[in-house]
Amino acid sequence: METMLRASEVSKRFVLHNQGGVELPVLKQASFSVNQGECLVLNGRSGSGKSTLLRALYGNYLVDSGRIEVKTQGYWLDIASATPRAILQLRRNTIGWVSQFLRVIPRVSALDVVMQPLLDVGGDAKHAKHKAQQLLERLNVPSHLWALAPATFSGGEQQRVNIARGFILDYPVLLLDEPTASLDSTNASAVVELIDQAKQRGAAVVGIFHDSQVREQVADRLYDLSTQDTTVQG
Amino acid sequence: MTAINSVISRPSAAQMKVQAEIHGQADRPLLVVDALSKLYAPGKGFSEVSFALYSGEVLGIVGESGSGKSTLLQALSGRLKPDAGSVLYRGYAQGDQGDQMNDLYGMPESERRRLLRTEWGVVHQHPMDGLRPRVSAGGNIGERLMAKGLSHYGNIREQALRWLSDVEIDQGRVDDLPTTFSGGMQQRLQIARNLVTHPQLIFMDEPTGGLDVSVQARLLDLLRRLVNELNLSVIIVTHDLAVARLLADRLMVMKQSRVVESGLTDQVLDDPQHPYTQLLVSSVLQN
Ligand SMILES: Nc1ncnc2c1ncn2[C@@H]1O[C@H](COP(=O)(O)OP(=O)(O)OP(=O)(O)O)[C@@H](O)[C@H]1O
Ligand SMILES: Nc1ncnc2c1ncn2[C@@H]1O[C@H](COP(=O)(O)OP(=O)(O)OP(=O)(O)O)[C@@H](O)[C@H]1O
Ligand SMILES: [Mg+2]
Ligand SMILES: [Mg+2]
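Residues numbered from 1 in each chain as written. Chains lettered and ligands numbered in written order. Predicted model: local features only at pLDDT ≥ 70, side-chain atom pairs only at ≥ 80, totals over all residues. Heavy atoms only, no water.

Student: Where do I start with the nonpolar core in this structure?
Tutor: A general feature of soluble globular proteins is that nonpolar side chains tend to end up buried together. In terms of nonpolar packing, the biggest core is built from 46 residues, with Ile141, Trp163, Leu189, Leu195 and Val234 of chain B touching the most fellow members. With 7 residues, helix α7 (residues 213–230) of chain B is the largest single contributor of residues to this core. Residues Val108, Ile168, Leu174 and Ile195 of chain A belong to the second largest nonpolar core, which totals 42 residues. (Core = buried A, V, L, I, M, F, W, Y, C linked by side-chain atoms within 4.5 Å. Buried < 20%, exposed > 50% of the residue type's maximum accessible area, 1.4 Å probe, protein only. Helix = DSSP H or I, 4+ residues; strand = E, 2+ residues; numbered from the N terminus.)

Student: Would you explain the packing of aromatic side chains in this entry?
Tutor: Aromatic ring pairs: the centre-centre distance and the angle between the two ring planes describe each pair. Within the structure shown, the criterion is met by 5 aromatic pairs over all chains. Relative to Tyr61 of chain A, the ring of Phe14 of chain A lies with its centre 5.6 Å away and its plane at 85°, an arrangement referred to as edge-to-face. Note that Phe14 of chain A is positioned in strand β1 (residues 3–16) and Tyr61 of chain A in the loop between α1 (50–57) and β4 (65–72), a separation of 47 residues in sequence. Three or more aromatic residues joined by ring pairs form one cluster here, namely Tyr89, Trp120 and Phe203 of chain B. The ring of Trp76 of chain A is capped by Arg6 of chain A, whose NZ or CZ atom sits 3.9 Å from the centre of that ring. Positioned above the aromatic ring of Tyr58 of chain A, the side-chain terminus of Arg91 of chain A is 4.1 Å from the ring centre. (Phe/Tyr/Trp six-rings, centres within 6.5 Å; stacked < 30°, edge-to-face > 60°. Lys NZ or Arg CZ within 6 Å of the ring centre and 35° of its normal.)

Student: So what exactly am I meant to see when it comes to the site of ligand 1 here?
Tutor: As a structural note, the neighbourhood of ligand 1 is formed by 15 residues, with Ser46, Gly47, Lys50, Ser51 and Thr52 of chain A the closest of them. This site is not confined to one chain, since residues near ligand 1 come from chains A and B. A distance of 2.6 Å separates an oxygen atom of ligand 1 from a polar atom in the side chain of Ser46 of chain A. Gly49 of chain A places a main-chain nitrogen or oxygen 3.0 Å from an oxygen atom of ligand 1. For ligand 1, whose unbound accessible area comes to 630 Å², protein coverage reaches 68%. Looking at the shell around ligand 1, the elements that each hand over two or more residues are β1 and α1 of chain A. Looking at the shell around ligand 1 element by element, the count peaks at 3 residues for α1 of chain A. (Near = heavy atom within 4 Å. Polar contact = N/O pair within 3.5 Å; in protein donor to acceptor, adjacent residues only side chain to side chain. Areas by Shrake-Rupley, 256 points an atom, 1.4 Å probe, with all protein chains shown as cover.)

Student: Is there a simple way to think about the domain arrangement of chain B in this case?
Tutor: A common measure of how large an interface is: the accessible area buried when the components associate. All names here are of chain B. The domain boundaries assigned to chain B delineate domain 1 (5–119 + 199–282) and domain 2 (130–197). At the junction of the two partners, domain 1 supplies 18 residues and domain 2 supplies 16 residues. Counting the surface lost from both domain 1 and domain 2, the interface buries some 1,500 Å², and carbon and sulfur atoms represent 63% of this. Where domain 1 packs against domain 2, one counts 0 salt bridges. At the junction of domain 1 with domain 2, the criterion picks out 5 residue pairs in polar contact (both at pLDDT 80 or more). Ranked by residues supplied to the side of domain 1 that touches domain 2, first place goes to α7 with 8 residues. (Domains from an automatic or database assignment. Contact = heavy atoms within 4.5 Å. Buried area = accessible area lost by both parts, 1.4 Å probe. Salt bridge = Lys/Arg side-chain N within 4 Å of Asp/Glu carboxyl O.)

Student: What am I meant to see in the sheet that holds strand β2 (residues 44–53) of chain B here?
Tutor: Backbone hydrogen bonds hold the strands of a sheet together, and the pairing may be parallel or antiparallel. Residues and elements named next belong to chain B. Reading across from one edge, β2-β1-β4-β5 is the order of the 4 strands in this open sheet, with antiparallel pairing throughout. The open sheet has two free edges, formed respectively by β2 and β5 (100–103), since each of these has just one partner strand. Neighbour-to-neighbour, the strand axes of this sheet turn through a mean angle of 25°, independent of strand direction. Sheet topology note: the strand β1 (residues 31–41)/β2 ladder contains 7 bridges and is antiparallel. Looking at the pairing, Lys38 lines up with Phe46 of β2. (Pairing = 2+ DSSP bridges. Axes fitted to C-alpha atoms, helices over the stretch in contact; angles between N-to-C directions.)

Student: How do you make sense of the environment of Arg112 of chain B when you look at a structure like this?
Tutor: Residue and element names in this part refer to chain B. Note that Arg112 resides in helix α3 (residues 109–117). The buried category is assigned to Arg112, whose relative accessible area is 12%. Between the alpha carbons of Arg112 and Asp170 there is a distance of 34 Å; along the sequence they are 58 residues apart. Setting aside residues up to four positions removed in sequence, Arg112 forms contacts with Gly78, Leu104, Tyr105 and Met107. Of the polar contacts made by the side chain of Arg112, one reaches the backbone oxygen of Leu104; its length is 3.0 Å.

Student: Would you explain the site of ligand 2 in this entry?
Tutor: Residues and elements named next belong to chain B. The environment of ligand 2 is made up of Tyr40, Lys44, Gly45, Glu64, Ser65, Gly66, Ser67, Gly68, Lys69, Ser70 and Thr71. Gly66 places a main-chain nitrogen or oxygen 2.8 Å from an oxygen atom of ligand 2. Contact between ligand 2 and Ser70: an oxygen atom at 2.8 Å from a side-chain N or O atom of the residue. With 3 residues, helix α2 (residues 69–76) is the largest single contributor of residues to the shell around ligand 2. The class makeup of the residues in the shell around ligand 2 is 1 nonpolar, 7 polar and 3 charged. (Nonpolar A, V, L, I, M, F, W, Y, C, P; charged D, E, K, R; others polar.)

Student: Which parts of the structure should I look at to understand the pairing of strand β6 (residues 120–123) of chain B?
Tutor: On any regular strand, side chains alternate: one points to one face of the sheet, the next to the other face. Residue and element names in this part refer to chain B. Alternating residues of β6 divide into Trp120 and Val122 and Gly121 and Val123, and every residue in both groups is buried. Looking at chain direction, β6 and strand β7 (residues 201–205) are connected through 4 bridges and run parallel. Paired with Val123 across the bridge in β7 is Met204.

Student: It is not clear to me how the interface of chain B and chain A should be interpreted in this structure. Could you clarify?
Tutor: Chain B puts 31 residues into the contact, and the matching count from chain A is 28 residues. Both faces combined, the contact of chain B with chain A buries some 2,400 Å², and carbon together with sulfur accounts for 50% of it. Its largest share of buried area at the contact with chain A, chain B owes to Leu264, Asp271 and Gln278 of chain B, together 20% of the area lost on that side. Here Arg91 of chain A and Asp266 of chain B are joined by a salt bridge, their closest N and O atoms 2.8 Å apart. It is α7 of chain B that provides the largest number of residues to the side of chain B that touches chain A, a total of 5 residues.

Student: Before we go on, may I ask you to explain the pairing of β1 of chain B in this structure?
Tutor: As paired elements, β1 of chain B and strand β4 (residues 84–91) of chain B share 5 bridges and run antiparallel to each other. Across the sheet, residue Leu31 of chain B finds its bridge partner in β4 of chain B, namely Tyr89 of chain B.

Student: Help me understand the environment of Thr118 of chain B in this model?
Tutor: Residues and elements named next belong to chain B. Residue placement: Thr118 occurs in the loop between α3 and β6. Exposure remark for Thr118: the relative accessible area of 5% places this residue in the buried category. In sequence terms Thr118 and Gln200 are 82 residues apart; their C-alpha atoms lie 9.0 Å from each other. Residues contacting Thr118, with those up to four places away along its chain left out, are Arg144, Ala147, Lys148, Thr197 and Pro199.

Structure follows, in structure tokens:
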């Protein structure tokens, strides 16, 4: 299977300028690649840099050195040096993102939140609506909530709206930061099923899963961040 | 999502965006700003600002009070001659055949004024700065259409009515003076007045500034939808990081007349690099 994503010697430290310039070295020469149809799980203790690495793959965090290359429409693009415009484009057509928390937009209904990525790439509104409804149903979001803005939803409901949004498009690359964190086992297995389907159609998946059962179900390989030498300060 | 459906009897913005990408137009900037400076005194104003803005892009400008945000916006929008540097704009200058890059401060003043009345729009923080107090709501909207050469009264009134409902103002208020409107309604009217001519580029200075929180949310939602559906390019000055996050694709952070950091909005807010940006982000309770 073809490689979709490769990180080469990615390093990052945070500099907290307003707290005495403290430096937190978090990523040290992280290197891996992910193929189509494969799920790489980032592993390591709390604070080891899993989310930092995942955010760097999405262009949400900068890195100090190294390359993060994604295959998009036949080309390799280095996210670590790409322009904001290129990254936005990449997020529209190549990389999907699901985190634990939904960023609610005032007055926008759950259904519209889910449909938006499909509309953004010029998708037909009817098709988008149908697909959004199917996903919300699969994730057991009660239909009487669909027309409401998710601001008042429970944490788990918001999370499932977020997951539906992340799966509305068949992104070639999917980044998942604890998508099952506050879900019961029924909903967690619905998510596992979605991930499996994505892998089957050839998506390259990078995820973080605290729940070891979920992890075992979806992971093809683990990438361990705890083995990095992050204990040496400054 | 019904309010502004009437605006779009054309392909959706997303479809237009895809089209533009296919035809390579998206790769040509709408505005190119190079080493632009205007200083009233050392540190008062802005200096050495450079960026390119593309069609459909929203650029947010945030930063310290007095750092030069409003001054910069005035210069970008052709209302304040800079000391140095240039602003190039892609558009149809009068008499031109095709579109080309025009030097904003190289063109005659009359041409800059025409731009501001037609292809561009300016949304002021205080809505009455951008509205005519003694002209009805409908007249305020119609004025820009007339500036663009439309003269048929029935047409103008019809568009004014449609825009009133697009910005969620009761059509029955069309003959009322804006001075009888609430602040939030005035701000929406100002937006309708600007958008009626389908401008390419809108400049906004703290458009939600004087409004209370619930009115702000409604206005923001409206702006977000209009930007998406009309494929507008926007440069927006705001001190509110939540507004910036919601509306802007990219951010520039200003401090003491300089741009100290710029990048993708979520990246600048979630992983700020400059000490001032870190301070700004950490001062907000949660965003
Ligand atoms: N934006 C930021 N600014 C400063 N420090 C940060 C930032 N984001 C993360 N860090 C720091 O980087 C380190 C790694 O954090 P990260 O969130 O990547 O850990 P994690 O492995 O995902 O942990 P968990 O399992 O608890 O979610 C932590 O020390 C954290 O405080
Ligand atoms: N016409 C003027 N003459 C002299 N000084 C001016 C003039 N306009 C602005 N200034 C000064 O230039 C600096 C930048 O002002 P500007 O209004 O651009 O700040 P700003 O970033 O918009 O601030 P705020 O967030 O408070 O609106 C300020 O010190 C201001 O006093
Ligand atoms: Mg984490
Ligand atoms: Mg100002």
